Amino acid sequence: MSDTQYVIENRPPSVAALFLERVAATPDAEAYRYPVPAARPGPDEWRSLSWAEAAERVYTVAAGLIALGVRAEERVALACATRVEWILTDLGVMCAGAATTTVYPSTNAEESAYILSDSESRILVAEDAAQLAKARERRAELPGLAHVVVIEAADAVPADGDPDGWVLSLAELEKRGAALLAERPDAVRERISAITADQLATLIYTSGTTGRPKGVRLLHDAWSYMARAQAATGLIGAEDVQYLWLPLAHVFGKTLTSGQIQVGHVTAVDGRVDKIIENLPVVQPTYMAAVPRVFEKVYNGVAARARAGGPAKYKIFQWAAGVAREHARTAQDTFRRTGTRSVPLALGARHKVADALVYGKLREAFGGRLRAAISGSAALAPEIGYFFSGAGVHILEGYGLTESSAASFVNPGEAYRTGTVGKPLPGTEVRIADDGEILLRSPGVMAGYHGLPELTAEVLEPDGWLHTGDIGELSPDGYLRITDRKKDLIKTSGGKYIAPAEVEGKFKAVCPFVSHILVHGADRNFCTALISLDEPTLLDWAAENGMAGKAYADVVASPQTVRLVEGYVRRLNEGLQRWQTIKKFRLLPRDLDIEHGELTPSLKLKRPVVERAYRDLIEEMYEGTREA
């Protein structure tokens, strides 16, 4: 099956050209908001940049790179957390006709050096002393790295052994750019006008679940298409305020910057995850994007606060959560059949009471103006999606890959369906292969993996169809449901196929303490699970149950905690087919994290890494069993 809604035509050759158009159209309108941390305890001060002010900085960055000798399509690496300087620098790289190589700030020195070397990056823009130190540690492996530009000026300090002029600050780069523009005012515009749609714009290295990361080659046309396609969905408009905290080194965060330039709305930028709860009431976004783990943590946090309020309050929350799910399912089903959202009067009355008791406070926590939240990067458990939907926080699930510039599918506004990733973006084609694999074709699809023609040929057909590696189903009216990763489907020794993500998602909906769960059962005669628990939620419960002050590992190891989780596993199993049920589980002594390599920077579970690390626990669960 193939579905082409319509082609996005007349798009500019690059987002750099689109940026010129935006600045010319609305120079005085607000473009970006960003926090300036307070000198003493207290709320941060938020400042703004108009489009014209942003352009002034972008052009001096671009001119500074030109002054350093950067040519078209040469790589400039960017190792920095999400902040306004990331966006200004990335735009500066594009306006210089060069290509950005993205590097997560959490990437270790060895892998950072690999990315810089493989991409042949000539310049590294480093956020601070920590990022500079990684490059300095591996400088012998990076003979082509001509300069490191440090965003934090105080950290741009040359060290003994640095080549002359190797380290400079972003302010110094902009100063060089301003000097060049004084001599050649049209230097940046000339570079922009010379960019063609088929030039390299970005190299994004997939964090991957196994092996070395691969550099995904995304052309200028991919981002230009993404900008136009996002606007064509009608989901974003000029009056919106976006709260952008996602890692901009990840394709999901990066694609949101192009959509913003197309429509011209305000984006508030702050990548500090620990500030999200504090920032939401200040920013009051109308939309934001997040990964499922954020919604799971919000849900668990609300449930934990209700539990801490005593049995009566927790019972009210559980009742309200049930009403929210029933209301969402009914309203969505009615909309699918009739085109309008309606529910029976009795359900509507219960929902009104629940709204006054629970949902209103939840919406206030999101800033009070949130029209929609976009969820991507991994599957959102449907039960959590239905809860938020019924509470008036509308989560529009989407789908895409680094190899497709992130956004390939998204739920269509009011017609969204929880549990699906919506419909293709305008200009994107989809086909389901005989084995269930999802194939995509669009201008957003990569040109290939950098320097890896054999791997490129494995996933990219000569006629442009991309093999996603995901298994899915299309409804008759074009909604896509992802069932699992092709390589993550497991087959039991009894011959039954199981989608671990489906079981894991259901458990996250029933257990408010879970952080991560990994279902195992390939070539075994039953399924088991490794489970890590959410530390703040667990320790709050521990304090109420005679374990106040105990360390996380001690609480997890207690029989009381095992019995607690056992109850939720039983509830999970009640809703599963016999061959899907979890017969045994083990609680992990700590939560899974990026630092130990168990999660990608976009918080996806690295199954092989976790299974290797905890192989003994897995084998222990199968000891003494006979394989069927």
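Above: the structure in question.
These figures come from a predicted structure and were not determined experimentally. (Residues numbered from 1 in each chain as written. Predicted model: local features only at pLDDT ≥ 70, side-chain atom pairs only at ≥ 80, totals over all residues. Heavy atoms only, no water.)

Q: Where do I start with the side chain of E174 in this structure?
A: Note that E174 resides in helix α6 (residues 170-183). Residue E174 is classed as buried on the basis of its relative accessible area of 13%. Within the local environment of E174, its side chain forms a polar contact with the side chain of R57, the two groups lying 2.7 Å apart. Filtering out sequence-adjacent residues up to four positions away, E174 remains in contact with R57, T60 and V61. (Helix = DSSP H or I, 4+ residues; strand = E, 2+ residues; numbered from the N terminus. Buried < 20%, exposed > 50% of the residue type's maximum accessible area, 1.4 Å probe, protein only. Polar contact = N/O pair within 3.5 Å; in protein donor to acceptor, adjacent residues only side chain to side chain. Contact = heavy atoms within 4.5 Å.)

Q: Where do I start with the packing of helix α2 (residues 51-67) against helix α3 (residues 84-95) in this structure?
A: Between two packed helices, both the angle of their axes relative to each other and the distance between the axes serve to describe the pair. Across the interface, α2 lies against α3 with an axial gap of 8 Å and an inter-helix angle of 55°. By the angle between their axes, α2 is oblique relative to α3. Considering the relative orientation of α2 and α3, their crossing is right-handed. From α2, A54, R57, V58, Y59, V61, A62 and L65 reach across to α3, where they touch E85, L88, T89, L91, G92, V93 and C95. The residue makeup of the contact of α2 with α3, split by class, is 10 nonpolar, 2 polar and 2 charged. (Axes fitted to C-alpha atoms, helices over the stretch in contact; angles between N-to-C directions. Parallel < 35°, antiparallel > 145°, perpendicular 65-115°, else oblique. Left-handed = near helix turned anticlockwise from the far one by under 90°. Nonpolar A, V, L, I, M, F, W, Y, C, P; charged D, E, K, R; others polar.)

Q: Would you explain the sheet that holds strand β24 (residues 514-520) in this entry?
A: Within a sheet, adjacent strands bond to each other through the backbone by hydrogen bonds, running parallel or antiparallel. Read across the sheet, 3 strands follow the order β24-β25-β26 without closing on themselves; strand pairing throughout is mixed. Bordering the open sheet on either side are β24 and β26 (582-587), each of which pairs with just one other strand. Strand-to-strand, the axes of this sheet are offset by a mean angle of 25°, without reference to chain direction. Two elements, β24 and strand β25 (residues 527-533), share 6 bridges in a ladder whose sense is antiparallel. Each residue of the ladder has a partner; that of L518, found in β25, is L530. Where helix α21 (residues 615-622) meets the sheet, its contacts fall on β24, β25 and β26, and the angle it forms with β25 comes to roughly 135°. (Pairing = 2+ DSSP bridges.)

Q: Teacher, can you tell me more about the pattern of salt bridges here?
A: Side-chain pairing between opposite charges can occur once the charged atoms of the two side chains come close. What the rule picks out here adds up to 38 salt bridges. Residue E127 is joined to R83 by a salt bridge in which the shortest nitrogen-to-oxygen separation is 2.9 Å. With a gap of 44 residues between them, E127 in the loop between β5 (123-126) and α5 (129-137) and R83 in the loop between β3 (75-79) and α3 connect regions that are remote in the sequence. Just as E127 is buried, R83 falls in that class too. Of the charged contacts, one joins R586 and E620 as a salt bridge, the two residues approaching to 2.7 Å between their closest N and O atoms. Of this pair, R586 sits in strand β26 while E620 sits in helix α21, and the two are 34 residues apart along the sequence. On the basis of relative accessibility, which here comes to 25%, the residue R586 falls in the partly exposed class. (Salt bridge = Lys/Arg side-chain N within 4 Å of Asp/Glu carboxyl O.)

Q: Explain α2 here, please?
A: Since the α-helix turns once every 3.6 residues, residues separated by three or four places project in the same direction. Across its 17 residues, α2 extends 24 Å between first and last C-alpha, which sits within 8% of the 24 Å expected from 1.5 Å per residue. Of all 17 residues in α2, 12 are buried, a share of seventy percent or more. Buried residues of α2: W51, A54, A55, V58, Y59, T60, V61, A62, A63, G64, L65 and I66, and no others. One or two steps after α2, the chain reaches G69, where phi turns positive at roughly 95°. (Expected span 1.5 Å × (residues − 1).)

Q: Looking at this model, I keep getting lost on the packing of aromatic side chains. Mind explaining?
A: Here the distance between the centres and the angle between the planes together describe a pair of aromatic rings. A complete count under the given rule lists 14 aromatic pairs for this structure. Note on Y299 and F387: the rings are 5.0 Å apart at their centroids and 75° apart in plane angle, and the pair reads as edge-to-face. Highlighted residues: Y299 in helix α11 (residues 292-308) and F387 in helix α14 (residues 382-390), separated in sequence by 88 residues. Note on Y299: relative accessible area 6%, which makes it buried. Since its relative accessible area comes to 0%, F387 is described here as buried. (Phe/Tyr/Trp six-rings, centres within 6.5 Å; stacked < 30°, edge-to-face > 60°.)

Q: Got a minute to help me understand the nonpolar core in this structure?
A: Among soluble globular proteins, nonpolar side chains are generally buried collectively. Counting residues in each nonpolar core, the largest one holds 152 residues, and the members touching the most others are F19, Y32, F317, F388, F507 and I531. At 10 residues, α2 tops the list of elements feeding residues into this core. When sequence neighbours within four positions are dropped, the list of residues in contact with I531 reads F507, V514, H516, I517, V565, V569, F585, R586, L587 and L588. (Core = buried A, V, L, I, M, F, W, Y, C linked by side-chain atoms within 4.5 Å.)

Q: Would you take a moment to explain helix α1 (residues 15-25) for this structure?
A: Where burial is concerned, most of α1 is hidden: 8 out of the 11 residues are buried. Its side-chain oxygen at 3.4 Å from the backbone nitrogen of A16, S14 defines the N-terminal cap of α1.

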